[in-house]
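# Remarks on the overall topology
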Amino acid sequence: MIDIHCHILPEVDDGPKSWDVSQQMCRMAVADGIEHIVATPHANERYGYDREYLVGALEHLRQLVGSTPKLSLGCDFHFSYDNLQDVLLRPERYTIEGSRYLLVELSNYGIPVQINACFTKLGDKGITPVITHPERNPILQQAPQRVLQWVEQGCVVQVTASALTGSWGERVWRAAKWLLERDAVHVLASDAHDLEHRTPMLSAGRAAAEEFCSPQVAHALVDDNPRAIVSGQPLPYFPNPVSKS
Ligand SMILES: [Fe+2]
């Protein structure tokens with residue numbers, strides 16, 4: 001399995017507090033069957049995102065953990081006006097290393113009215129937005145059809161693996177299930193931050209997904225699709241979303 005959203009680098013955001021915890025998280029991920037992790041520090045008003053520093057930090061973690069898991073760099077990109085301007089100028093500063101996929105987290109407090117046009121603008125630059133955890137966004141919980149529309153526009157949808165196991169409560173679980181039942185989920189990721197509460201694991205989420213989709217689709221969500229993302233390839237599993245009430 002491949003995890004494209006994981007706060008695995010220490011002391012750069014609200015992820016692990018030490019290199020030791022980072023290494024333990026890597027070991028926990030490998031024990032769960034994860035072979036490749038994309039380190040995705042936050043880029044938001046609270047945490048600055050310094051790609052040059054992060055490249056060095058990731059290299060240091062590689063030296064500590066060896067060849068497994070494989071590690072790449074990405075960004076938990078908060079969708080703000082300033083971030084959008086910068087990614088349009090310098091996409092490689094934020095996209096997942098070696099690809100044109102960009103994780104995009106929408107605010108819990110407001111979604112800009114120009115969002116569809118912004119996604120089109122990113123698409124015109126060859127950047128594919130990967131919308132992170134819409135199931136945890138209170139605005140999208142109320143209006144999940146918007147997510148289907150963005151999929152039709154070409155956006156990829158990433159749901160939190162632990163949302164499907166119920167760790168985030170029933171409302172989040174329902175929202176994740178709603179999207180999954182409409183073929184509008186393309187990737188499960190851990191969005192891990194630590195060793196206790198938000199852990200770097202995907203297998204339980206994959207098993208939970210199998211209650212609502214085929215084992216082949218569940219496999220695509222944790223393996224085929226994220227593998228294509230880290231390789232910069234089109235997604236092998238990207239159906240038209242199903243519209244049903
Ligand atoms: Fe995150």
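Since the structure is predicted, the reported quantities are computational estimates derived from the model, not experimental observations.

Another point: the overall build of the protein. From N to C terminus, the protein includes ten helices and nine strands. Seen through its C-alpha atoms, the protein measures out along the principal axes to roughly 50 × 40 × 30 Å. Going through the 245 residues of the protein one by one, you find that 55% of them count as buried. Considering only contacts within the protein whose residues lie at least 6 apart along the sequence, 75% involve residues at least 24 apart. Looking at the protein as shown, the accessible area adds up to about 10,600 Å², and 49% of this sits on carbon and sulfur atoms. Charge-centre separation for the protein: the mean point of 21 positive side chains lies 4 Å from the mean point of 30 negative side chains.

This part is about the sheet that holds strand S9 (residues 187-189). Across the sheet, six strands lie side by side as S3-S5-S6-S7-S8-S9; this open sheet has parallel pairing. Only two strands of the sheet have a single partner each, and these edge strands are strand S3 (42-43) and S9.

Moving on, we get to the coordination of the iron ion. For the iron ion, the protein coordination sphere consists of His-5 (NE2), His-7 (NE2), Asp-76 (OD) and Asp-191 (OD), at 2.0 to 2.3 Å. Considering all four donor atoms around the iron ion, angles at the metal cover 84 to 173 degrees and the coordination shape is irregular. One chain supplies every donor for the iron ion, spaced along it as H-x1-H-x68-D-x114-D. His-7 shares its class with His-5; the two are buried.

Our next topic: the pattern of salt bridges. If you walk through the whole model with that rule in mind, you get ten salt bridges. The salt bridge involving Asp-191 is made with Arg-198; its shortest N-O contact spans 3.2 Å. On the basis of relative accessible area, Asp-191 is assigned to the buried category, the value being 2%. Residue class for Arg-198 comes out partly exposed when judged on its relative accessible area of 24%. When the shortest N-O distance is used, the salt bridge between Arg-227 and Asp-223 registers 2.9 Å. Remark: Asp-223 and Arg-227 occur in helix H10 (residues 215-230); sequence separation between them is four residues, near one turn of the helix. With relative accessibility at 32%, the residue Arg-227 sits in the partly exposed group.

To continue, consider the sheet that holds strand S2 (residues 36-39). Read across the sheet, three strands follow the order S1-S2-S4 without closing on themselves; strand pairing throughout is parallel. Of all the strands in the sheet, the pair left with one neighbour each is strand S1 (2-6) and strand S4 (70-73). Looking at each pair of strands side by side, their axes are set apart by 20 degrees on average, direction ignored. Both S2 and S4 contribute to a ladder of four bridges, which runs parallel. Bridge pairing in S4 links Val-38 to Ser-72. Packed on one face of the sheet, helix H2 (residues 51-65) meets S2 and S4 and runs near 175 degrees to S4.

Below, the discussion takes up the layout of surface pockets. Here the largest pocket is characterised by a volume of approximately 470 Å³. Taken together, 22 residues line the largest pocket, and the ones lying closest to its centre are His-42, Asn-44, His-78, Glu-105 and Asn-108. When grouped by side-chain class, the residues that make up the lining of the largest pocket number five nonpolar, nine polar and eight charged. Of the pockets and cavities examined, the second largest pocket occupies roughly 220 Å³. Contributions of two or more residues to the lining of the second largest pocket are made by helix H7 (161-164) and helix H9 (203-209).

Below, the discussion takes up the packing of helix H1 (residues 19-31) against H2. Interhelical geometry of H1 versus H2 gives an angle of 65 degrees and a closest axis separation of 10 Å. Between H1 and H2 lies a crossing whose hand is right-handed. Across from Trp-19, Ser-22, Gln-23 and Cys-26 in H1, the residues of H2 making contact are Ala-57, His-60, Leu-61, Leu-64 and Val-65. Partitioned by chemical class, the residues of the contact of H1 with H2 number six nonpolar, three polar and no charged.

Soluble globular proteins tend to bury their nonpolar side chains together. Judged by nonpolar contacts, the single largest core of 66 residues is most densely connected at Ile-8, Leu-9, Leu-106, Phe-119, Trp-150 and Leu-188. Examining the composition of this core, we find that five residues originate from one element, H10, more than from any other. Core analysis: the second largest hydrophobic core is formed by 14 residues, Tyr-101, Val-130, Val-187 and Leu-235 among them.

Reading the values: the criteria
Residues numbered from 1 in each chain as written. Predicted model: local features only at pLDDT ≥ 70, side-chain atom pairs only at ≥ 80, totals over all residues. Heavy atoms only, no water. Helix = DSSP H or I, 4+ residues; strand = E, 2+ residues; numbered from the N terminus. Buried < 20%, exposed > 50% of the residue type's maximum accessible area, 1.4 Å probe, protein only. Contact = heavy atoms within 4.5 Å. Areas by Shrake-Rupley, 256 points an atom, 1.4 Å probe, with all protein chains shown as cover. Lys, Arg positive; Asp, Glu negative; His and termini not counted. Charge placed at Lys NZ, Arg CZ, Asp CG, Glu CD. Pairing = 2+ DSSP bridges. Donors = N, O, S within 2.8 Å, 3.2 Å for Na, K, Ca; no water. Tetrahedral: all angles 85-135°; square planar, octahedral: opposite > 155°, others 65-115°. Salt bridge = Lys/Arg side-chain N within 4 Å of Asp/Glu carboxyl O. Axes fitted to C-alpha atoms, helices over the stretch in contact; angles between N-to-C directions. 1 Å grid on protein atoms, 1.4 Å probe; cavity = no way out; pocket = protein on both sides within 12 Å on 5 of 7 lines; lining within 4 Å. Points joined across faces, edges and corners; volume = space filled by probe spheres on them. Nonpolar A, V, L, I, M, F, W, Y, C, P; charged D, E, K, R; others polar. Left-handed = near helix turned anticlockwise from the far one by under 90°. Core = buried A, V, L, I, M, F, W, Y, C linked by side-chain atoms within 4.5 Å.

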